[in-house]
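Each chain, written out:
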Amino acid sequence: MLQSPEVDDQITRAAEAYQYRREGLTTALASHGIVMPTGVGLNLWVPVVREDLATIGLAAAGIGVAPGEPFRVSAGDDHLRVTSAHVRDHFDAVAEAIAGVATIAGTR
């Protein structure tokens, strides 16, 4: 498989599709005031005020994300781990939902 031109083509197409999705989502997030680098890979690290409340709010809207805490190496600000792999379109609607929960503070 490592030397297969067909597998190499599949990997290239997947990388291009994921980059398109990531760029679409980061561009849409920027239009809602959440500016972050486009980067590479499947996941975005989106800053929020309270990751627990943001995760619950997005789940209620039918959008699955993960709180950032389990993925942190050291203590830091709250974030959501958003996987762009499943966001094929409707970038603005997803970004609007994320922006809507990003500033929810609540009480701890």
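Throughout what follows, the structure given in this document is the object of discussion. None of the values given here were measured: they were computed from a predicted structure.

About the cut-offs
Residues numbered from 1 in each chain as written. Predicted model: local features only at pLDDT ≥ 70, side-chain atom pairs only at ≥ 80, totals over all residues. Heavy atoms only, no water. Helix = DSSP H or I, 4+ residues; strand = E, 2+ residues; numbered from the N terminus. Buried < 20%, exposed > 50% of the residue type's maximum accessible area, 1.4 Å probe, protein only. Contact = heavy atoms within 4.5 Å. Areas by Shrake-Rupley, 256 points an atom, 1.4 Å probe, with all protein chains shown as cover. Lys, Arg positive; Asp, Glu negative; His and termini not counted. Charge placed at Lys NZ, Arg CZ, Asp CG, Glu CD. Core = buried A, V, L, I, M, F, W, Y, C linked by side-chain atoms within 4.5 Å. Phe/Tyr/Trp six-rings, centres within 6.5 Å; stacked < 30°, edge-to-face > 60°. Lys NZ or Arg CZ within 6 Å of the ring centre and 35° of its normal.

With that settled, consider the overall build of the protein. If you tally the helices and strands in the protein, you get 3 helices and 3 strands. Secondary structure elements of the protein occur, N-terminal to C-terminal, as α-β-α-β-β-α. Taking the principal axes of its C-alpha atoms as reference, the protein extends roughly 55 × 30 × 25 Å. Per-residue burial over the protein gives 34% buried out of 108 residues. Of the contacts made within the protein by residues no fewer than 6 positions apart, 62% connect residues no fewer than 24 positions apart. Accessible area of the protein: about 6,700 Å², with a carbon and sulfur share of 58%. For the protein, the separation between the mean place of its 8 positive charges and that of its 13 negative charges on side chains is 5 Å.

What follows is about the nonpolar core. Leu-25, Leu-29, Ile-34, Val-46, Leu-80, Val-82 and Ile-98 are the most contacted members of the largest nonpolar core, which has 22 residues in total. Contributing elements (two or more residues each) for this core: α1 (5-31), β1 (43-47), α2 (51-60), β3 (79-83) and α3 (91-102). Ranked by residues supplied to this core, first place goes to α3 with 7 residues.

Attention now goes to the packing of aromatic side chains. Applying the stated criterion across every chain, the model contains 1 aromatic pair. A centroid spacing of 5.7 Å and a plane angle of 75° characterise the contact between Tyr-20 and Phe-91, whose relative ring orientation is edge-to-face. Remark: Phe-91 occurs in helix α3 and Tyr-20 occurs in helix α1; sequence separation between them is 71 residues. Using a relative accessible area of 52% as the deciding quantity, one classes Tyr-20 as exposed. A cation over an aromatic ring shows up here: Arg-81 above the ring of Phe-71, its NZ or CZ 4.2 Å from the ring centre.

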